[in-house]
Amino acid sequence: MSCGIKRIFAQNLIEMSTNRTFTMIKPDAVENGHIGGILDKITSAGFKIVAMKYTQLSKRDAQEFYAIHKERPFFGELVEFMTRGPIVAAILEKDNAVEDFRALIGATNPADAAEGTIRKMYATSIGENAVHGSDSDENAAIEGAFHFSGREIF
Ligand code: ATP
Ligand code: MG
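Residues numbered from 1 in each chain as written. Chains lettered and ligands numbered in written order. Predicted model: local features only at pLDDT ≥ 70, side-chain atom pairs only at ≥ 80, totals over all residues. Heavy atoms only, no water.

**Q** I keep staring at the overall build of the chain and nothing clicks. Help me out?
**A** In terms of regular secondary structure, the chain is built from eight helices and four strands. In sequence order, the secondary structure elements of the chain are arranged as α-β-α-α-β-α-α-β-α-α-β-α. Relative to its 154 residues, the chain shows a buried fraction of 37%. A separation threshold of at least 6 residues defines the contact pool for the chain, and within that pool the share at least 24 residues apart is 76%. Within the structure as shown, the chain displays about 8600 Å² of accessible surface, and the carbon and sulfur contribution to it stands at 54%. (Helix = DSSP H or I, 4+ residues; strand = E, 2+ residues; numbered from the N terminus. Buried < 20%, exposed > 50% of the residue type's maximum accessible area, 1.4 Å probe, protein only. Contact = heavy atoms within 4.5 Å. Areas by Shrake-Rupley, 256 points an atom, 1.4 Å probe, with all protein chains shown as cover.)

**Q** Honestly, the packing of aromatic side chains in this entry has me stumped. Any pointers?
**A** Geometry of an aromatic ring pair is reported as the spacing of the ring centres plus the angle between the planes. Inspection of every chain in the model, using the stated rule, returns four aromatic pairs. Seen in terms of ring centroids, Phe22 and Phe65 are 5.9 Å apart; in terms of plane orientation they differ by 50°. Their pairing is tilted. In this pair, Phe22 sits in strand β1 (residues 20-25) while Phe65 sits in helix α4 (residues 59-65), placing the two residues 43 residues apart along the sequence. Residue Phe22 shares its accessibility class with Phe65, and that shared class is buried. Aromatic pair Phe47 and Phe101: ring centres 5.4 Å apart, planes at 85°, arrangement edge-to-face. Here the residue Phe47 occupies a position in the loop between α3 (35-44) and β2 (48-55), and Phe101 occupies one in helix α6 (residues 97-105), the gap between them amounting to 54 residues. According to the relative accessible area criterion, Phe101 is buried, its value standing at 0%. One aromatic cluster in this structure is built from Phe22, Phe65, Tyr66 and Phe146. One residue, Lys94, lies across the ring of Phe47, its end atom 5.6 Å from the ring centre. (Phe/Tyr/Trp six-rings, centres within 6.5 Å; stacked < 30°, edge-to-face > 60°. Lys NZ or Arg CZ within 6 Å of the ring centre and 35° of its normal.)

**Q** Please clarify how the side chain of Thr23 should be interpreted in this entry.
**A** Mapped onto the fold, Thr23 is located in strand β1. With relative accessibility at 2%, the residue Thr23 sits in the buried group. With residues up to four places along the chain from it excluded, the contact list for Thr23 reads Val88, Ala89, Ala90, Leu92, Phe101 and His132.

**Q** In this structure, what is going on with the site of ligand 1? I would like to understand it.
**A** In the region of ligand 1, 14 residues are neighbours, and Lys26, Tyr66, Thr108, Gly127 and Asn129 sit closest. Thr108 is positioned with one of its side-chain polar atoms (N or O) 2.6 Å from an oxygen atom of ligand 1. Interatomic distance of 3.0 Å between a backbone N/O atom of Gly133 and an oxygen atom of ligand 1. In isolation ligand 1 offers 570 Å² of accessible surface; the protein chains occlude 82% of this area. (Near = heavy atom within 4 Å. Polar contact = N/O pair within 3.5 Å; in protein donor to acceptor, adjacent residues only side chain to side chain.)

**Q** I tried to follow the pattern of salt bridges on my own but got confused; where do I start?
**A** One side chain can pair with another of opposite charge once the charged atoms of both are near each other. Within this structure, the stated rule accounts for six salt bridges. A salt bridge links Arg84 to Glu31; its shortest N-O distance comes to 2.7 Å. With Arg84 in the loop between α5 (75-83) and β3 (87-93) and Glu31 in helix α2 (residues 27-31), this residue pair connects regions lying 53 residues apart in the sequence. Across the pair Lys59 and Glu80 runs a salt bridge, and its minimum N-O distance is 3.7 Å. You can see Lys59 sitting in helix α4 and its partner Glu80 sitting in helix α5, a full 21 residues away along the chain. In this structure Lys59 comes out as partly exposed when scored by relative accessible area, which is 40%. By relative accessible area, which is 47% here, Glu80 ends up partly exposed. Within the structure, one salt-bridge network assembled from shared partners comprises Glu31, Arg84 and Glu128. (Salt bridge = Lys/Arg side-chain N within 4 Å of Asp/Glu carboxyl O.)

Here is the structure:
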């Protein structure tokens, strides 16, 4: 590879790693009829949807997705919750996507979430908190690849 091509390749990787995040509209928000409201908040905040599907996690999917929490006391409850109904999974694009999306969704516990955030508006409890947002660029890439093939990302 020539130096110029290498530089462009590296630049693309850097850009890819900082401008995408992964989200799920969780079963509680789907059950409560908030898909449209949440997608409106997301697109109004300047995120572009580059992949999206309506799907349901199996127990194994949820255990793998949230494996980092497997020793926590709420793990069983979390897996039950995340598998009890359909979710919307999506990859979102925007400058500074991971950080900006975490700001848009608000704190894990809706009681602590800032006014106007998605969790303040739509979450009901710390467990049933309406949306997921990746917590790092690395996890955004892993989580996006967990749900989507290359052909499903635009
Ligand atoms: P997410 O990863 O879903 O975006 P988060 O990063 O804000 O949420 P984490 O600490 O990663 O929060 O926890 C993952 C999920 O586990 C939470 O979103 C929530 O659904 C559940 N959870 C976290 N803490 C608790 C708790 N104390 N009791 C019950 N459920 C919890
Ligand atoms: Mg998390």
